[in-house]
Every structure is written in structure tokens, then in C-alpha cells.
Amino acid sequence: MKVNRGKRHLKAAALIIVVAAAYIILSTRPVAAPSELEPLDTLAYPPAGAETVDSRNTPAHDVVGPGTRHSFVGPSKYGYYDNSGVFSYVADRQTAVANGGFALDDCFLLQSDSSNGCIWLSDFEEGRTVRVPLEGVPYVSERRIFLIRKDQMAVAELNRDGTLRWSREFGSVLTSVSTAERVSLWGFLDGTIEVVGEDGALTFRLDAESVTARPGYRGVYGSAISRDGSMIALLYGLAPQYLLVYEKRGEQYLPVHSRRLNADKRNTQPLMFADDGSALLVASGDGLIYYNRQRRKSAVVAAGRDLFSKSDVACKIVRMDRGQFAVVTAAGGQSVLMVVAGGLCSAMIPAPDASDVGWRDGVLSLATISGISRFIIKGKAVN
Amino acid sequence: MRQIWICALFLLACTMAGTQDSPWASMVVSVETEFGQPLGSSLSDANHTSEVGEVGASTALTKGANTPSFALPFGNPAQVTGVAREALAASPLGRYRSPAAQYGIKSEKLSPLLPGQSVYFQQSTTKFQGSGILPSGANAAAVLHDNGYVSIYSAAVPLLFDLNKVKIAGEDSLGLFVGSTSASSVHYCAVRVYDCDKKVWVNPSMFLPFKTDTKAPKILSLALLDADGGRSAIPSGEGAATRTSKEGKAPAAKIPESYPQGSYSLAIRALDTLSGRELKSGLYRFRLVVDGQVLFDRRLDKAAAGYDGLSFMEGKTPSSATVNAQGAFLVGSYFFAAGIHNLELTAYDYVGNYTRLNQKIQFR
């Protein structure tokens with residue numbers, strides 16, 4: 001009798017261990033089918049200038065219909081091209097930086113003109129350019145137009161006709177920014193964050209003292225807000241640095257996940273929520289970190305970890321479909337392009353001199369020194 | 001009582017900090033802009049508000065005017081005018097007061113004011129840009145000091161940071177100015193100092209033991225602005241008598257025409273001056289005495305960091321609310337009863353040189 005009871009206990013314990021192990025493995029080690037990046041074509045840059053140049057070096061592909069305008073930022077040029085490979089505007093990056101900088105998306109182009117003390121705002125949908133008599137650092141994201149004061153202590157959002165939508169001065173120095181359609185998230189060197197509505201009103205503020213994590217130094221080193229504004233994520237503090245994730249409950253954002261990192265980054269790193277908010281990708285000193293919203297767990301994406309540990313690492317993350325991300329990373333003369341899906345790196349290729357990555361209409365584009373390389377992804381990543 | 005203690009501790013901390021050896025003392029060769037000085041790209045545009053279109057968003061740009069040095073995607077650019085232009089000019093990007101002081105330093109090395117540890121850096125020549133990537137117009141670094149201050153250094157010119165160095169000793173450099181022709185080149189660097197405990201920006205001049213500023217600041221005007229329309233009730237300093245710390249008695253001031261009694265906002269236009277090879281230490285204090293009573297006595301020693309921005313000399317936030325289109329310091333609103341009043345405004349620079357302006361004003 002005693003032996004049977006002992007066996008039952010043993011079986012129950014074994015079952016618990018197996019279930020626990022399965023849960024841990026499934027929740028922290030998501031699986032993904034490998035994807036394949038298939039080269040489509042390369043578009044060589046035309047000379048700089050406001051001109052229309054057909055630079056196709058391969059036959060037209062017509063993946064999707066022509067006419068849609070795409071922005072790009074090359075190592076030495078920036079501008080626009082369409083699906084058929086025709087460049088509609090190309091400008092010299094070095095000249096623009098010397099004039100105070102530029103920012104662009106598929107609809108708006110902001111170019112600073114420090115010699116005239118103004119900004120030129122071009123709206124491609126409306127087909128007009130407006131001279132805005134303000135100086136600042138241009139920033140365009142989610143079809144929203146911002147100017148950041150040069151000392152990073154104030155911001156103004158502009159309407160598409162160049163008029164002021166709202167402006168706001170900050171008490172600290174801005175170190176990170178993330179925008180959604182109706183809300184924006186601003187992170188500061190003193191460890192505070194502010195969530196600002198589309199009218200410029202402060203809707204939520206988290207002071208450094210209210211953050212549950214207790215690093216040696218409090219500062220915001222990266223931030224992201226989901227497209228619907230329901231989640232925010234921060235790369236927070238030094239010694240140690242933390243990844244913090246918050247979810248919106250009523251008017252408040254409450255912490256739902258905290259991860260202590262082994263390596264600090266003292267410059268701002270990119271973070272990005274997936275299109276549907278199901279996942280978050282973070283560039284950190286530990287490597288790329290993938291956060292799964294449903295499981296509220298995070299894991300380091302093993303691939304490319306060495307690159308992220310370098311002090312001079314630079315990175316850009318873009319959203320793709322179905323919770324996937326494309327990442328281009330450069331450090332120490334080495335650059336790679338990665339596709340991250342379901343917490344795993346499903347594709348990784350060398351990308352020498354890459355300066356931009358984009359995802360539109362099922363095509364992944366990579367701006368390099370020689371032109372814009374376009375890829376399609378074969379194989380669906382699944383979690 | 002508690003406030004007195006806080007002020008005393010603050011001054012003690014600043015004094016102690018200022019007495020430590022700082023490489024900046026020997027490096028600084030000029031002061032371009034001062035702590036709290038009214039700034040803004042649109043200050044000179046203030047009188048252009050009556051252009052075409054009172055409410056219109058934009059108007060056609062005349063051919064050849066303000067053409068940029070780079071090409072634009074569309075041939076016929078317009079410009080923002082009228083009310084829209086004024087709104088841009090009045091925003092914290094149009095005019096503001098900065099907690100930074102911009103120094104010209106004669107060294108290819110950028111050293112911190114005090115030893116500490118590096119807590120932040122950014123480079124303007126970032127490889128990538130776009131959504132989620134902070135666009136930075138300057139190279140910058142921040143250092144956390146033992147006294148709880150964070151000092152921030154930013155420069156528009158290229159700076160090469162030592163990214164692996166965390167502890168910064170007194171002689172260490174944060175970075176090197178790139179592209180300088182010689183070690184004696186002058187580089188410009190904006191310095192800000194933040195007190196993490198008190199949440200205030202501290203005047204960085206406190207860390208620089210100026211010794212060669214012997215020239216008094218200059219008061220360009222003292223104006224009383226109507227509460228409603230913001231018009232100047234008293235023309236810029238007309239009829240006023242000024243004397244400086246180096247001069248004798250002020251001559252008698254004329255009494256201009258009278259003004260209705262009521263509340264007026266005070267606008268002070270002043271600047272610190274320099275002579276020869278001296279440095280200017282910067283405006284530091286304004287003191288207004290009306291009929292022998294001190295109306296206000298405020299210092300540019302710190303700026304409080306509030307939810308809506310920066311507050312200088314206990315003024316409103318954001319800082320753009322305390323700067324007018326002429327670049328004057330707006331120092332608050334005061335009531336003046338009927339009668340002749342004697343206004344005595346004294347402006348001090350950081351080392352104690354001062355200028356005094358006397359003005360008799362009649363209110364009816």
C-alpha cells in the first residue's frame with residue numbers, strides 16, 4: 001500500500017516536472033520556420049538633384065503596380081523611388097547634414113536650411129513645398145511631422161501645411177522618441193517619460209521615482225509605443241540597465257515585464273513594437289531581445305549577439321507583416337541584415353555599408369553604397 | 001525656514017563645486033551665450049506679422065527669395081504667413097531661454113567640469129535614421145558627478161568619443177574635436193548642469209572661476225507692457241538715466257508722459273558686455289526698487305525643471321512665456337497706482353559688476 005502511494009507521488013512529481021519543463025521551453029524558445037531572402041534587383045542611384053531618372057539595371061519586375069513612392073536613406077544620398085525603380089528625387093546627404101539635417105517618410109520630406117533659418121516641408125501627396133520659419137532637428141514618423149529644438153529640450157509638431165499643431169518644452173533632455181498615429185512617447189535623460197496626445201496634451205507622465213526598477217543611474221536609453229498606444233517599453237537606467245514593459249490600464253500604464261540586462265548601453269537604442277502589438281524587439285547590449293506580449297516573456301535572439309556587444313553598434317528596426325521584424329545592424333565595419341520572427345532570427349545575410357532598411361508591399365529594401373537592393377521573403381515564419 | 005536651509009545648502013554646494021580645480025578655467029576663451037539668455041531664431045521676425053494672410057496657412061514665395069542651397073522636390077514653394085507665422089515664432093522653438101551656456105574653448109580635448117562617470121553620449125552622424133531613432137543635431141555627452149549633478153556637453157562640430165571609458169578623472173577627456181587644424185583652435189561647446197536631487201538646472205558659470213570681467217552689463221530698455229495687447233507703455237528706456245559700477249551719480253531723469261494706473265508686465269532688455277580680451281561672466285541678477293521698496297530681486301542661478309518646461313527667475317513655464325518678440329526678459333506683472341513713481345533697476349553680471357537705471361514714471 002505504501003509502495004503504491006509512493007509510486008503515485010513519484011508519477012505526479014514527474015508529471016509536474018515534465019509540464020513545467022514543456023512550459024518553460026515553449027514560452028522562452030519559440031520556433032520559427034526559416035525564411036529565405038531572395039534577391040529581387042538592385043537600383044543604382046542616379047546623380048543628386050531634383051530629377052526623374054530610370055535607374056533600373058534589371059528588367060522591370062512589377063511586383064506591385066508602379067507609382068507608389070518609397071523613401072530611402074543611402075550612405076551618401078537620400079530621396080524617393082517608385083516600385084518600377086524610377087527615382088523621383090535624389091539629394092546629397094552630406095549637404096543636407098551640413099544644412100542642419102533632414103527627415104523623410106513616404107509622404108513627407110523635411111529639409112533643414114540653416115543658412116536661411118528655416119525648414120522646407122515637402123508634401124508629396126499634396127504636391128507642395130512650404131518654407132517654415134523655424135529651426136530645429138527634423139523628425140518624421142507615422143506620417144507625423146516634428147521639429148526638435150537643437151538642445152533637445154522642446155518639440156513642435158507641424159501640420160502638413162507647415163502650421164503649428166502643438167509645441168511643448170521639456171524639463172530634461174530628450175533621449176528617445178517613439179510615435180504612433182494618435183500618441184507619442186518621449187524619454188528623458190533624468191529618467192522620466194511623457195506620453196503626449198495628438199493635440200500636444202500630456203496624457204501620462206512617469207517620474208523616475210515611480211519606476212520600480214532601481215538602477216544606479218536613472219535615464220531613458222530607448223523607448224517604444226505600440227501603434228494603438230496600449231503598450232510602452234523602455235530601455236532604462238545604467239548599472240544595471242533594464243528592459244521594462246508597461247500596459248495601459250485606464251489612464252495609467254502599469255508594469256508587466258522587467259528584464260535585468262547584463263550589459264549597459266550609454267547611447268540611445270532602437271525598440272519597436274510589431275505592427276499588431278503582439279511582440280517587441282529591442283536592441284540592447286545583451287543582443288536583440290524579443291518580447292512576446294501574450295506570454296509576457298522575453299528572450300535574447302542568439303544571432304548577431306556579438307555585434308550588439310560592441311560599443312559602436314548602430315541599428316535600425318522596421319516592422320514587417322505578421323509580427324516579423326527586419327533589422328540592419330552595423331558595428332566595427334561589419335553590417336548584417338536580419339529577419340526576426342517568433343523570437344528567432346529566421347534569415348541573416350551580410351549587408352556591407354547598409355544605411356537603411358524598409359518594408360513595403362511584401363518587398364524588403366536595403367540601401368547600400370551601390371544602390372537599393374530589394375528582396376522578397378520566401379517561407380512563412382510561424383510561432 | 002526650510003527654504004532658507006535649502007538655499008544655504010545649494011549655495012554651499014555650488015561654492016564647493018566652483019572651488020575645485022577645473023580644466024575649463026584655463027580652456028575657456030569666450031562666452032557666446034549665457035545661462036537663461038533669451039534666444040530664438042525668430043526674434044527678429046517679430047514685426048513681420050502683418051504680412052499677407054491673417055489666417056491663411058501659406059502664401060506663394062517670391063521667385064529667388066530665400067532659395068535653399070539644395071534642390072526642392074517641387075518648383076513653387078510657399079511660405080507660412082500671418083497668424084500661423086506668429087504662432088510658430090511664439091512657440092518654445094521660436095523663442096526660449098536655455099539652461100546652457102556656450103563657451104569657446106581653446107583645446108582639442110573636451111574635458112568635463114568635474115570628475116565623474118559617463119552616463120550618456122550621442123553622435124550627430126548616426127548611420128541610420130527613421131522611426132524610433134532619435135534624430136540628434138549635435139554630438140553630446142553627459143557625466144554624472146559625485147555631488148549628484150549631471151553635466152551635459154554638446155557641440156555641433158564632430159566629436160570623437162572614447163566609448164569604452166566610463167570613469168572620467170579630472171584630466172581625462174570625454175572626447176576629441178575632430179577636424180581641428182591645430183591644438184590652439186577654438187571650439188564651441190554648450191554646457192548644461194542638472195541637479196538631479198533638486199530637479200533644477202544650475203548656471204554652469206558657477207563652475208568657472210572668472211577673474212577678468214571688469215565691464216558692467218548694459219540695460220538696453222525697461223518697458224512696461226499693457227496686460228491686454230502687450231504694447232509697450234514706456235518707449236525703450238527713453239528719459240532714463242543709467243550709471244554703472246564704474247561711474248558716479250546718475251543724472252536726473254526726465255519724466256515722460258503719464259500712463260493709466262493698473263497692472264503692467266515688466267520687460268527688461270539687457271546684455272553683458274566685455275572689453276578687450278576679457279571674458280563676460282554673463283547676466284546674473286535683476287533688482288527692481290520702486291519708491292525705495294524692493295519689488296523683485298531675482299537671480300539667474302538656476303532654472304526649475306517643471307512638467308511644462310523650464311522656469312527661470314521663478315517665472316512662468318515654458319520659458320517662451322518669459323521672452324517676448326524683442327528678446328526681452330519678462331519678469332512678471334505688477335500693479336502701479338496713480339502718482340509719480342521712481343523705478344530703479346539694477347542689472348548685475350555674475351562677478352558683481354552692475355548697471356543701474358533710474359526712471360520716473362507718472363501714472364494717472
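The preceding data block contains the structure.
Conventions adopted
- Residues numbered from 1 in each chain as written.
- Chains lettered and ligands numbered in written order.
- Predicted model: local features only at pLDDT ≥ 70, side-chain atom pairs only at ≥ 80, totals over all residues.
- Heavy atoms only, no water.
- Phe/Tyr/Trp six-rings, centres within 6.5 Å; stacked < 30°, edge-to-face > 60°.
- Buried < 20%, exposed > 50% of the residue type's maximum accessible area, 1.4 Å probe, protein only.
- Helix = DSSP H or I, 4+ residues; strand = E, 2+ residues; numbered from the N terminus.
- Lys NZ or Arg CZ within 6 Å of the ring centre and 35° of its normal.
- Contact = heavy atoms within 4.5 Å.
- Buried area = accessible area lost by both parts, 1.4 Å probe.
- Salt bridge = Lys/Arg side-chain N within 4 Å of Asp/Glu carboxyl O.
- Polar contact = N/O pair within 3.5 Å; in protein donor to acceptor, adjacent residues only side chain to side chain.
- Nonpolar A, V, L, I, M, F, W, Y, C, P; charged D, E, K, R; others polar.
- Pairing = 2+ DSSP bridges.

### Concerning the packing of aromatic side chains
(1) Moving on: The full count for this structure, using the stated rule, is 26 aromatic pairs over all chains.
(2) Moving on: Arranged with centres 6.2 Å apart and planes meeting at 55°, the rings of A:Phe72 and A:Tyr81 form a pair that is tilted.
(3) Moving on: Judged by its relative accessible area of 2%, A:Phe72 falls in the buried class.
(4) Moving on: Overall, the relative accessible area of 3% leaves A:Tyr81 in the buried class.
(5) Moving on: Relative to B:Phe363, the ring of B:Tyr264 lies with its centre 5.6 Å away and its plane at 50°, an arrangement referred to as tilted. Of the two residues, B:Tyr264 sits in strand β18 (residues 262-271) while B:Phe363 sits in strand β25 (residues 354-363), which places them 99 residues apart along the sequence. Note on accessibility: B:Tyr264 and B:Phe363 belong to one class, buried.
(6) Moving on: Three or more aromatic residues joined by ring pairs make a cluster, and in this case those are A:Tyr139, A:Phe146, A:Trp166, A:Phe170, A:Trp186 and A:Phe188.
(7) Moving on: Note that A:Arg149 overlies the ring of B:Tyr96, its terminal NZ or CZ placed 3.8 Å from the centroid.

### Looking at unusual backbone geometry
(1) Moving on: Geometrically, the link from A:Ala239 to A:Pro240 is a cis peptide bond, its omega value of -5° lying close to zero.
(2) Moving on: The topology assignment puts A:Pro240 in the loop between β19 (231-238) and β20 (242-249).
(3) Moving on: B:Pro318 follows B:Thr317 through a cis peptide bond whose omega is -10°.
(4) Moving on: Mapped onto the fold, B:Pro318 is located in the loop between β22 (309-312) and β23 (329-336).
(5) Moving on: One non-glycine residue, A:Glu142, lies in the positive phi region at around 55°.
(6) Moving on: Along the chain, A:Glu142 turns up in the loop between β10 (137-141) and β11 (144-148).
(7) Moving on: We classify A:Glu142 as partly exposed; its relative accessible area is 22%.

### With respect to the interface of chain A and chain B
(1) Moving on: Between chain A and chain B, the contact holds 82 residues from the first and 66 residues from the second.
(2) Moving on: Roughly 6,200 Å² is buried in total at the junction of chain A and chain B, and carbon and sulfur atoms are behind 61% of that figure.
(3) Moving on: Of all residues in chain A, the largest losses of buried area upon contact with chain B belong to A:Arg131, A:Glu169 and A:Arg266, amounting jointly to 13% of the total for that side.
(4) Moving on: Taking the shortest distance from any N to any O, the salt bridge between A:Glu209 and B:Lys199 comes out at 3.0 Å.
(5) Moving on: Taken together, chain A and chain B are joined by 27 residue pairs in polar contact (both at pLDDT 80 or more).
(6) Moving on: Residues of the side of chain A that touches chain B, tallied by class, amount to 40 nonpolar, 21 polar and 21 charged.
(7) Moving on: As judged from the two bridges shared by strand β9 (residues 128-132) of chain A and strand β4 (residues 78-80) of chain B, these two strands associate in the parallel manner. Note on β4(B): the bridge partner recorded for A:Val130 is B:Ala78.

Any functional reading would require information that these geometric values do not contain.
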